[in-house]
Amino acid sequence: MPMGIFRVCLVVITAIVNHPLLFPKENGTVLENSQEIIQKMKEREESLRLEQLRLEQEIADQEATQKALEKAAEVVAESKEEKFRWDMWTALSMVIFLLIELWRQDFQEGNWQDIGGEEDDMAVLGKAFEGVAFPDKAVLASFYEKRILGTTGEMARMREMVEGFADDLLEALRSVCNRDADMEVEDCMGVGSMYENWRVRKPFVCDLIVPFAPPEPYCFRSQAWCSGDSFPPDEQGYGTIKVCRANEDVTGCICDKTKLGEDMLCLLHSQANTTRLSKEMEDLLCFKNTQYLDADQVMKWFQIAVTKAWNRISHKYEFDLSFSLLDSPGALKIKFRSGKSIAFNLTPVVQYENSDVYFISHFPRGSLATDLPSSIHWFLTFAVYERRFIQLVSKMLPANACHVSCLQILSFLHGKQCSLTGPSGLTNYHLKTVMLHLLQARPSQDWAPEKLEARLQDMLKFLEKCLHEKKLYHFFIGNGKVPAELGFPIIFQRAEPLNLFRPFVLRRDVYRKTVDTFHEMLRNTSALINEYTVHIPLAHTNGIHK
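Owing to the predicted nature of the structure, the values given are computational and were not obtained by experimental measurement.

Participant: What's the story with helix α8 (residues 383–396) in this structure? I'm lost.
Facilitator: The α-helix winds at 3.6 residues per turn, so residues separated by three or four positions along the chain end up facing the same way. For α8, with 14 residues, the first-to-last C-alpha span of 21 Å sits near the 20 Å given by 1.5 Å per residue. Here α8 has its buried residues at A383, V384, Y385, E386, F389, I390, L392 and V393.

If you want it as structure tokens, here you go:
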């Protein structure tokens, strides 16, 4: 009971204490605080609303970006598909074009062999022959007998004299050279028109090549343009010659192929050894700081060696010897006291592997190649195989075959025309290449002596066709029909054909001059031949019309 009364009293007291009338000021503060809270809540609500709007905007931007990315991806996919279709069509078009080009070349290659036909078949002559009066068999035979045949004996005597002197000169050269440090010179070989018996223009010039090799323990390692590595178009037909020790690994030291650490040193190629090897290579006529044989250095060494050799044997001869042309380092001239002179070319060469193909340092002026890409690039000459091929084919032809006569007459006509109108882009090597192609294409009976007129017309027709197409392929390079008896290296037979008329594609002025000279030569053929022929009635000439 007392506890119940106590609880009631406690409730009454609490109610009285907390009545609002007892604390009026504090209640006013509560009201003000409530309004402030409401205001903050409104501000908070506005802030949340703005935040919501911002988030909604971001979501909208993200959706737009996503749509843009999806659209871009679709565009890329479409472009890739379109590019794939385009690449496929491009590749297909290229394949079709290559097939057409291969077919065209095969068709032309198959057709040029049929050029010529019978003696009186003039239907296939080109426009350049329209209205040309071409000498017949009687005029050509008389011209050949009077103008060309008489030079054969003179050439034989000159060859014998030059070869004997060159052998003596090279023997003296070997005696003045240091056998332990200088290049080793081998016996010389005669090549070119003088040794193939078709040179007609004077002065007669013998071309001799002199193979040489490095002293022991060094050797040459040669690389042709067709050996696998890619060569630019202007280096087709060229190669390089590396001077190595005989026991040196052809792949070279591993330090050339890997990056050694700073704390590692190659004992073979230390700085001191590198300097010593560089000096050795320079002594071995290599290009500066390389192991590649320098053609210019070789010619300087050869000229000095020839001069020393001549000084040793000059007392034995009653003539003088000198270098005759500055732009042809191997051009020599023998001057007799009577005033007569004999010119010949003595050019150092390097053998390609174990074949009779040679790297030649310099060509005589006016021959196949005059401008080398650089002094470490050497042109390959196939002159030895060309001479052997002519000798081999000649054995299968009728007696007194007309192939050499055709080349002699054509060379004479071209030389005469150039003396009248100036030099052209055609060389005697181009004319010989035409004959080599026709020798391989036509049967042996077509080269009988009585068919001189027809075969000469064939050579002119073929030459006209090549000039028109700006294509005359090297006879040996890329020719899979070379007789096996020659032992010709297979690497050159499998190489891409080498176009000897490529300079005409690059230099239109030279091409135009060459074509004009050729056409002028055709128009002057009858006059040029009759000038050196006894009078024959006009009835013996044929007017050629298409």
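Participant: Would you mind going over the packing of helix α9 (residues 403–421) against helix α11 (residues 452–469) with me for this structure?
Facilitator: Axes are the key here: two packed helices are described by the angle between their axes and the distance separating the axes. At a closest axis distance of 9 Å, the pairing of α9 and α11 adopts a crossing angle of 55°. In terms of axis orientation, α9 runs oblique to α11. Helix-helix and strand crossings are classified by hand; for α9 and α11 the assignment is right-handed. In contact with S405, C406, L407, I409 and L410 of α9, α11 contributes L452, R455, L456, M459 and L460. For the contact of α9 with α11, a count of residues per class yields eight nonpolar, one polar and one charged.

Participant: Looking at this structure, I do not really get the environment of Y218. What am I missing?
Facilitator: Position of Y218 among the secondary structure elements: in strand β5 (residues 218–224). Accessibility expressed as a relative area gives 15% for Y218, which makes it buried. Once the C-alpha coordinates of Y218 and L284 are considered, the two residues, 66 residues apart in sequence, prove to be 9.2 Å apart. Within the structure, Y218 has its side chain in polar contact with the side chain of R245 (distance 3.5 Å).

Participant: Any chance you could explain the nonpolar core here in plain terms?
Facilitator: One broad trend across soluble globular proteins is that nonpolar side chains are buried collectively. Within the largest apolar cluster, 113 residues are counted, with the highest numbers of intra-cluster contacts made by L293 and F344. One finds V191, Y238, Y358 and V384 within the second-largest nonpolar core, a separate group that totals ten residues.

Participant: Explain the pattern of salt bridges to me, please; I cannot follow it from the model alone.
Facilitator: Two side chains carrying opposite charge are able to pair once their charged atoms lie near each other. Tallying each qualifying case throughout the model produces 20 salt bridges. For R54, the salt bridge is made with E58, and the minimal N-O distance between the two is 2.4 Å. Remark: E58 and R54 occur in helix α2 (residues 24–112); sequence separation between them is four residues, near one turn of the helix. Judged by relative accessible area, which is 38%, R54 ranks as partly exposed. With relative accessibility at 35%, the residue E58 sits in the partly exposed group. Look at the salt bridges and you will find they share partners, linking R442, D446, K451, R455, D458 and K461 into a network.

Participant: Looking at this structure, I do not really get the environment of D516. What am I missing?
Facilitator: Tracing the backbone shows D516 in helix α14 (residues 508–530). Through-space distance from the C-alpha of D516 to that of T421 is 9.6 Å; in sequence the pair is 95 residues apart.

Participant: When you look at the packing of aromatic side chains in this model, what are you seeing that I'm missing?
Facilitator: Describing an aromatic ring pair means giving the distance of the ring centres and the angle of the ring planes. Counting across every chain of the model gives 28 aromatic pairs. Where F488 meets F492, the ring centres are 6.1 Å apart and the plane angle is 45°; that geometry is what we call tilted. For the residue pair F488 and F492, the accessibility class agrees, reading buried in each case. Connected via pairs of aromatic rings, a cluster forms that spans W225, Y352, F359, F382, Y385, F389, F475, F476, F488 and F492. The lysine or arginine in question, R159, covers the ring of Y195, its NZ or CZ lying 5.9 Å from the ring centre. A cation over a ring is seen here: R388 above Y385, with NZ or CZ 5.7 Å from the ring centre.

Participant: Explain unusual backbone geometry to me, please; I cannot follow it from the model alone.
Facilitator: The general pattern is negative phi for most residues beyond glycine and trans for most peptide bonds. With an omega of 5°, the peptide bond running from K202 to P203 counts as cis. Take P203: it is sitting in the loop between α5 (193–196) and β4 (205–213). E216 connects to P217 through a cis peptide bond whose omega is 5°. Relative to the helices and strands, P217 is located in the loop between β4 and β5. Phi at N197 takes a positive value of approximately 65°, unusual for a residue other than glycine. The residue N197 is located in the loop between α5 and β4 in this model. Notably, E353 is not glycine yet its phi reads approximately 50°, a positive angle. Counting through the fold element by element, E353 comes out in the loop between β9 (341–351) and β10 (358–360).

Participant: In this structure, what is going on with the confidence of the model for the chain? I would like to understand it.
Facilitator: Low pLDDT means the predicted atomic positions in that stretch should not be read closely. Taken as a whole, the chain shows an average pLDDT of 80; of its residues, 73% reach a score of 70 or greater. Predicted confidence for residues 256–260 stays below pLDDT 50, and this span has four contacts to residues more than four positions away or in other chains. Note on residues 365–370: pLDDT is under 50 here. Beyond four places in sequence and across chains, it has twelve contacts.

Participant: Would you mind going over the pairing of strand β6 (residues 238–245) with me for this structure?
Facilitator: Strand residues, when the strand is regular, have side chains that alternate between the two faces of the sheet. The buried fraction of β6 amounts to six of the eight residues, a majority that puts the element mostly inside the structure. Two strands pair when backbone bridges link them, and β5 and β6 are joined in this way by seven bridges, in the antiparallel orientation. When the bridges of β6 are listed, R221 appears paired with K242. Sheet topology places β6 next to strand β11 (residues 378–381); two bridges connect them, and they run antiparallel. Pairing of G239 across the sheet is with W378, part of β11.

Participant: For this particular structure, what's the right way to read helix α3 (residues 137–148)?
Facilitator: Relative to the 16 Å expected for twelve residues at 1.5 Å per residue, α3 spans 15 Å between its end C-alpha atoms, a close match to the ideal helical length. Every buried residue of α3 is accounted for by V139, L140, S142, F143, Y144 and I148. Against the buried residues of α3 lie β1 (132–135), α4 (151–176), α9, α11 and α14. Two to three positions downstream of the cap, the backbone nitrogen of A138 sits 3.3 Å from a side-chain oxygen, assigning the N-cap of α3 to D136.

Rules behind the numbers
Residues numbered from 1 in each chain as written. Predicted model: local features only at pLDDT ≥ 70, side-chain atom pairs only at ≥ 80, totals over all residues. Heavy atoms only, no water. Helix = DSSP H or I, 4+ residues; strand = E, 2+ residues; numbered from the N terminus. Expected span 1.5 Å × (residues − 1). Buried < 20%, exposed > 50% of the residue type's maximum accessible area, 1.4 Å probe, protein only. Axes fitted to C-alpha atoms, helices over the stretch in contact; angles between N-to-C directions. Parallel < 35°, antiparallel > 145°, perpendicular 65-115°, else oblique. Left-handed = near helix turned anticlockwise from the far one by under 90°. Contact = heavy atoms within 4.5 Å. Nonpolar A, V, L, I, M, F, W, Y, C, P; charged D, E, K, R; others polar. Polar contact = N/O pair within 3.5 Å; in protein donor to acceptor, adjacent residues only side chain to side chain. Core = buried A, V, L, I, M, F, W, Y, C linked by side-chain atoms within 4.5 Å. Salt bridge = Lys/Arg side-chain N within 4 Å of Asp/Glu carboxyl O. Phe/Tyr/Trp six-rings, centres within 6.5 Å; stacked < 30°, edge-to-face > 60°. Lys NZ or Arg CZ within 6 Å of the ring centre and 35° of its normal. pLDDT = per-residue confidence, 0-100. Pairing = 2+ DSSP bridges.

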